[in-house]
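# What the coordinates show
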Amino acid sequence: MEALIPVINKLQDVFNTVGSDSIQLPQIVVLGSQSSGKSSVIESVVGRSFLPRGTGIVTRRPLILQLIYSPLDDRENRSAENGTSNAEEWGRFLHTKKCFTDFDEIRNEIENETERAAGNNKGICPEPINLKIFSTHVVNLTLVDLPGITKVPVGDQPEDIEAQIKDLVLKYIENPNSIILAVTAANTDMATSEALKLAKDVDPDGRRTLAVVTKLDLMDAGTDAIDILCGRVIPVKLGIIGVMNRSQKDIMDQKHIDEQMKDEAAFLQRKYPTLATRNGTPYLAKTLNRLLMHHIRDCLPDLKTRVNIMATQFQSLLNSYGEDVSDKSQTLLQIITKFASAYCSTIEGTARNIETTELCGGARICYIFHETFGRTLDSIHPLAGLSKMDILTAIRNATGPRPALFVPEVSFELLVKRQIRRLEEPSLRCVELIHEEMQRIVQHCGNEVQQEMLRFPKLHEKIVDVVTQLLRRRLPHTNVMVENIVAIELAYINTKHPDFHKDAALNHVGENSTPSMASTWLSNILPPAPNRPDSIENSASNTPVHNNIVSPVKPVNLLPDMPVNHNPRRLTDKEQKDCDVIERLIKSYFYIVRKSIQDSVPKAIMHFLVNYVKDNLQSELVTHLYKSDRAETLLNESDHIAVRRKEAADMLKALTRANHIISEIRETHMW
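Described in the following lines is the structure provided in the data block. (Residues numbered from 1 in each chain as written. Predicted model: local features only at pLDDT ≥ 70, side-chain atom pairs only at ≥ 80, totals over all residues. Heavy atoms only, no water.)

### Overview of the overall build of the protein chain
What counts, and what does not: Numbering of helices and strands starts at the N terminus; helices are DSSP runs of H or I of at least 4 residues and strands are runs of E of at least 2. A simple rule labels every residue: compare its accessible area, found with a 1.4 Å probe on the protein chains alone, to the largest value its type can have, and call it buried under 20%, exposed over 50%, or partly exposed in between. Only the protein chains shown count as cover for residues, and the accessible areas themselves come from Shrake-Rupley with a 1.4 Å probe.
A count of helices and strands for the protein chain gives 22 helices and 11 strands. Out of the 671 residues belonging to the protein chain, those deemed buried represent 46%. In the form shown here, the protein chain has an accessible surface area of approximately 34,600 Å², with 50% of it arising from carbon and sulfur atoms.

### Re the sheet that holds strand E8 (residues 209–214)
Which entries qualify depends on this criterion: Strand pairing is defined by DSSP finding a minimum of two bridges between the two strands. Any two residues whose heavy atoms approach within 4.5 Å are treated as being in contact. In this description, a line fitted to the C-alpha atoms serves as the axis of each element, helices being fitted only across the stretch in contact, and the angle between N-to-C directions of two axes falls anywhere from 0 to 180 degrees.
Here we have nine strands laid out as an open sheet, ordered E4-E3-E5-E2-E6-E1-E7-E8-E9, and mixed in their pairing. The open sheet is flanked by strand E4 (99–100) and strand E9 (240–242), the only strands paired with a single partner. Pairing geometry for strand E1 (residues 27–32) and strand E6 (residues 141–145), over three bridges, is parallel. Note on E6: the bridge partner recorded for Val 30 is Asp 145. Along the sheet, helix H3 (residues 103–118) contacts strand E2 (63–69), strand E3 (89–93), E4 and strand E5 (129–135); its crossing angle with E5, the most-contacted strand, is approximately 170°.

### Quick word on the nonpolar core
Counted only if it meets this: Residues grouped as a nonpolar core are buried Ala, Val, Leu, Ile, Met, Phe, Trp, Tyr and Cys residues, joined through side-chain atoms within 4.5 Å.
Membership of the largest hydrophobic core comes to 71 residues, with the highest contact counts inside it found for Phe 339, Tyr 343, Ile 434, Met 438 and Ile 605. Elements represented by at least two residues in this core include exactly helix H10 (328–348), helix H11 (362–378), helix H12 (388–399), helix H13 (409–420), helix H14 (424–440), helix H15 (447–455), helix H16 (457–491) and helix H20 (573–625). No other element matches H20, which puts 19 residues into this core. Among the nonpolar cores identified, the runner-up in size contains 50 residues, and Leu 25, Ile 110, Leu 141 and Leu 181 belong to it.

### What about the side chain of Glu 437?
Condition: Nitrogen and oxygen atoms within 3.5 Å of one another constitute a polar contact, given that in protein one can donate a hydrogen and the other can accept it, and given that sequence-neighbouring residues count only through two side-chain atoms.
Here Glu 437 is to be found in helix H14. Since its relative accessible area comes to 2%, Glu 437 is described here as buried. Within polar-contact distance, the side chain of Glu 437 engages the backbone nitrogen of Gly 361 at 2.8 Å. Beyond its immediate sequence surroundings of up to four residues, Glu 437 is in contact with Cys 360, Gly 361, Arg 364, Ile 365 and Ile 368.

### Brief notes about the side chain of Arg 61
Inspection of the secondary structure assignment puts Arg 61 in the loop between helix H2 (38–46) and E2. In terms of polar contacts, Arg 61 uses its side chain to reach the backbone carbonyl oxygen of Glu 127, at 2.8 Å. Apart from residues no more than four positions distant in its own chain, Arg 61 is found in contact with Glu 113, Thr 114, Arg 116, Ala 117, Cys 125, Glu 127, Pro 128, Ile 129, Asp 145 and Pro 147.

### Some remarks on the pattern of salt bridges
What counts, and what does not: Between Lys or Arg on one side and Asp or Glu on the other, a salt bridge is scored when a side-chain nitrogen of the former is within 4 Å of a carboxyl oxygen of the latter.
Overall, the coordinates contain 27 salt bridges when judged by the stated rule. Residue Arg 232 pairs with Asp 227 through a salt bridge whose shortest N-O separation is 2.9 Å. Classification of Arg 232 as exposed rests on a relative accessible area of 55%. A residue is classified by how much of its surface remains accessible, and Asp 227, at 39% relative accessible area, is partly exposed. The salt bridge partner of Asp 650 is Lys 646, with a shortest N-O separation of 2.9 Å. With Asp 650 and Lys 646 both in helix H22 (residues 639–668) and four residues apart, this pair spans about one turn of that helix. What makes Asp 650 partly exposed here is its relative accessible area of 29%. Bridged by salt links that share partners, the residues Arg 61, Glu 113, Arg 116 and Glu 127 form one connected network.

### Some words on the environment of Gln 576
In this fold, Gln 576 is placed in helix H20. Judged by relative accessible area, which is 17%, Gln 576 ranks as buried. The sequence separation of Gln 576 and Leu 392 amounts to 184 residues, and the corresponding C-alpha distance is 8.9 Å.

### Topic: the packing of aromatic side chains
Note the threshold: For Phe, Tyr and Trp, rings pair up if their centres lie within 6.5 Å, where Trp contributes its six-membered ring, and each pair is then called stacked (planes under 30 degrees apart), edge-to-face (over 60) or tilted (otherwise). Counting as a charge over the ring demands two things of the Lys NZ or Arg CZ atom: a distance within 6 Å of the ring centre and an angle within 35 degrees of the ring normal.
For the structure shown, the criterion picks out eight aromatic pairs. Between Phe 93 and Phe 100 the ring centres are 5.4 Å apart and the planes differ by 90°, which places this aromatic pair in the edge-to-face class. Here Phe 93 matches Phe 100 in class, with each residue buried. Ring geometry for Phe 412 against Phe 500: centres 6.1 Å apart, planes inclined by 40°, an arrangement best described as tilted. Placement of the pair is Phe 412 in helix H13 and Phe 500 in the loop between H16 and helix H17 (503–506), with a sequence separation of 88 residues. On the accessibility criterion, Phe 412 (0% relative accessible area) is buried. Positioned over the ring face of Tyr 612 is Arg 474, at 3.8 Å from the centre of the ring.

### Digging into empty space enclosed by the protein
Where empty space is left in the structure can be found by rolling a water-sized probe over the atoms. Basically, it comes down to this: We place a 1 Å grid over just the protein atoms. Points where a 1.4 Å probe fits but has no way out form a cavity, open points with protein on both sides within 12 Å along at least 5 of 7 lines form a pocket, and any residue with an atom within 4 Å of a point lines it. Grid points are joined across faces, edges and corners, and a volume is the space filled by probe spheres set on the points. In this count, Pro and Cys sit with the nonpolar residues alongside Ala, Val, Leu, Ile, Met, Phe, Trp and Tyr, while Asp, Glu, Lys and Arg are called charged and the others, Gly among them, polar.
As enumerated under the stated definition, the model contains one cavity of 30 Å³ or more in all. Considering the residues around the largest cavity, the lining is formed by Ser 40, Glu 43, Ser 44, Arg 53, Arg 246, Ile 257 and Gln 260. When contributions to the lining of the largest cavity are tallied by element, the ones reaching two or more residues are H2 and helix H8 (257–271). Sort the elements by how many residues they give to the lining of the largest cavity and H2 lands first, with three residues. Per-class residue counts for the lining of the largest cavity are one nonpolar, three polar and three charged.

Just geometry here; none of it tells us what the structure is for.
See the structure below:
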């Protein structure tokens, strides 16, 4: 059993070497209010005076203190090189290799390290100081000395000093593998003990809390601590142990702790004869040793599980960083191939790690084609931006100086082409969106490839550059093709298209009409116009204004002294019929063209942009990047990846060592 605490010390050393506190090891955490006697208790257990002293808050950084029993024949810890072969006791800090045999120097080193990290304004710092004390007369223990609990900031202390100290204390005592040593002075009301209150908050069952009552000799005359020590005031499951500290005068007079131990034993025999054997500093040290050993035994199985889990995690992390590159040309080709494959897989939807939070790659391309682009075309009305005045003006312009007897074919073509041109802008915008997604896929082409990109930032930069240039070169070709699709539709208005609604015109021809009559663009479609005023001015002046009011031509003031009538007029019956026919024809033909473009544009984009990039990406990367003289530069790792690989390797090594230590002790003790 006694060998368990050195095992924990070894584990602490292992994790200290990698600066990790992710494994919570069994240890004894000492907490109490300022001037409760915490430091005196620790010094009494050690048997030497080595902690800083003074008024107010003195302990301003956690002190992780490992007490290691080291007999004279201890070859593991003693060495002639550092002068400890025959030393009875010495100390060693984690932050320096120097061995301290003078405990006054240890105190000075603690004070210097505290001021270095916490400053000299009585503030605190959560960064711990690690100290080992080797001695021929200590029991194996791991103690953590924390800043004393305070309520009111003094001097230059920050206003939230109470909250800072409480947070720091909770960080250590919330560790389920810790034993809480709650220190309370006997000359204070134990019911208001801050140490016991915090201990109860994190350990309500009291399974890992031991109470220490200090300053037994300073209680008021006529009172004693029998009820407190027997647990009749506040019961503590692991027990309550009373001790007698050195007074401030004793400390100033440099009273040796050995003398204090004798005075303490005499005091207990005189004042508490029936409780003397279960109180005092020697009994406290043995109790702490026993509790810590049993606690370590109980914690080891869970500790081993935790170590194994972390070892697996760090092994995976180390694997993700990759091994050192030996053949850079081969590695470069492998990364290029892996990237090209991952890029194509993301487009095809066959990637191993499929994104679940957003559409990307091929799925987003599909969404752009059928949702974004498709809905945009559907939202364009065939007659959008086309007024009856525009239609009537086109009809009149197509007839020249002669009055129109029939609806001219030219007017339909002019107007429908104007509407078809409206489909070009959303088609080109669709190309732009697909181009952006193809560029974006670089960031979504697999975790493995992304890790390689992080590892080699220069290679990542060049790959992005090659992909960008390839996409940029293909963009004009794709845009030209999409523009040509619209231009093809504009080049020939096919009124013989099988889906073209000829019945839009035939409805006006009559049952006895023939198709040839319709093909001459509504010849004889409209009946002769009834007699009505020929003058636009007269018509406008004699006709009420309502929904079909248009102004077919812009009034022009030909004579300066003649007023121009700007009032619109109502369409005649013939004009209304002509406009209705043209509108129906435009709608019918526009729907045919829109359907064709909605189908042709995605196909053109897939052929000229998406599939071309897929088919030529690897060859482009090889052409531009796979050159022996560039492999050395491109495969230079980023500094942070190299650092993280080393940290992960060190941590994995530490965890493997820790696992080995735990396995050895469990086999030795048959657990």
